[in-house]
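Structural characterization, general
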Amino acid sequence: MAHRGEMSCEPIIEWALGRGVDVQLPVVVGRHMRFAPYDPGQALTPNRWGILEPEWRPRSWVSARRPNVVLVPLVAFDSDGNRLGQGGGYYDRAFAFRNTAKNWRRPLLVGLGYDFQQVGQLDAKATDVPVDAVITERQIHEFRR
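Anyway, here's the lowdown on the structure attached to this text. (Residues numbered from 1 in each chain as written. Predicted model: local features only at pLDDT ≥ 70, side-chain atom pairs only at ≥ 80, totals over all residues. Heavy atoms only, no water.)

A few points about the pairing of strand β2 (residues 32-38)
Sheet topology note: the strand β1 (residues 23-29)/β2 ladder contains seven bridges and is antiparallel. From the neighbouring strand, P26 faces β2, where its bridge partner is F35. Connecting the antiparallel pair β1 and β2 is a turn made up of two residues, with G30 showing a positive phi of about 65°. (Pairing = 2+ DSSP bridges. Helix = DSSP H or I, 4+ residues; strand = E, 2+ residues; numbered from the N terminus.)

Dropping the structure here:
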């Protein structure tokens, strides 16, 4: 769910739910991010940063390897698909397997942002996980890997 001026993914969530797509939302547990199923109309509760999350039970968590597509918030992105987040490293830790797996198929990581968030070049670290695409209000940026 959008936080601090991030592009809202709620229209995409509503579109997906209306077509019977399973939707999971991130839930922060300690220093890690898990994914919990979300159903239309389900109550959401603000976490310690005020980001809305679904109620969760550990047995309902979904592996970060399971989704086909993950919408990823960003503060900035560059032409190589590097992204800068809010600084907690939650998405990078959740999808770190993508940096080491030889033949990963999913999930496709799609950043959501605005055109003004594109910058020249970000200083990417070995632990940063790049996105496959970024959708802005005007265009779709695809990054070949």
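Notes on the pattern of salt bridges
By the definition in use, this model includes two salt bridges. Note that D132 and R98 form a salt bridge whose closest N and O atoms lie 2.9 Å from each other. Taken together, the residues span a long stretch of sequence, with D132 in the loop between β8 (108-112) and β9 (133-135) and R98 in helix α3 (residues 97-100) at a distance of 34 residues. Judged by its relative accessible area of 6%, R98 is buried. R138 serves as the salt-bridge partner of D115, at 3.4 Å between the closest nitrogen and oxygen. On the criterion of sequence distance, the pair formed by D115 in the loop between β8 and β9 and R138 in the loop between β9 and β10 (140-142) is long-range, its members being 23 residues apart. Assessed through its relative accessible area of 17%, D115 is described here as buried. (Salt bridge = Lys/Arg side-chain N within 4 Å of Asp/Glu carboxyl O. Buried < 20%, exposed > 50% of the residue type's maximum accessible area, 1.4 Å probe, protein only.)

Considering the nonpolar core
M33, F95 and L109 are the most contacted members of the largest nonpolar core, which has 18 residues in total. Counting residues per element, the ones that place at least two in this core are β2, β5 (69-73) and α2 (90-94). In terms of residue count, α2 provides more of this core than any other element does, three residues in total. Residues contacting M33, with those up to four places away along its chain left out, are P26, V27, Y90, Y91, A94 and F95. Judged by nonpolar contacts, the second largest core, of nine residues, contains M1, C9, V23 and Y38. (Core = buried A, V, L, I, M, F, W, Y, C linked by side-chain atoms within 4.5 Å. Contact = heavy atoms within 4.5 Å.)

Notes on the packing of aromatic side chains
Counted according to the given criterion, the structure contains six aromatic pairs. An angle of 65° between the planes, with centres 5.7 Å apart, marks the rings of W49 and Y90 as edge-to-face. Within this pair, whereas W49 is found in the loop between β3 (44-46) and β4 (52-54), its partner Y90 is found in helix α2, the two being separated by 41 residues in sequence. For W49, a relative accessible area of 35% gives the class partly exposed. Centre to centre, the rings of Y91 and F95 are 6.5 Å apart; their planes meet at 20°, and the pair counts as stacked. Per residue, the accessibility class of Y91 equals that of F95, and both read buried. (Phe/Tyr/Trp six-rings, centres within 6.5 Å; stacked < 30°, edge-to-face > 60°.)

What about the sheet that holds β10?
Strand order in the open sheet formed by four strands is β5-β8-β9-β10, and the pairing between neighbours is mixed. For this open sheet the edge positions go to β5 and β10, each flanked by a neighbour on one side alone. Taken over all neighbouring pairs, the strand axes of this sheet differ in orientation by 25° on average, direction set aside. Direction of pairing for β9 relative to β10: antiparallel, over a ladder of three bridges. Across the sheet, the residue bridging to I135 is I140, located in β10. (Axes fitted to C-alpha atoms, helices over the stretch in contact; angles between N-to-C directions.)

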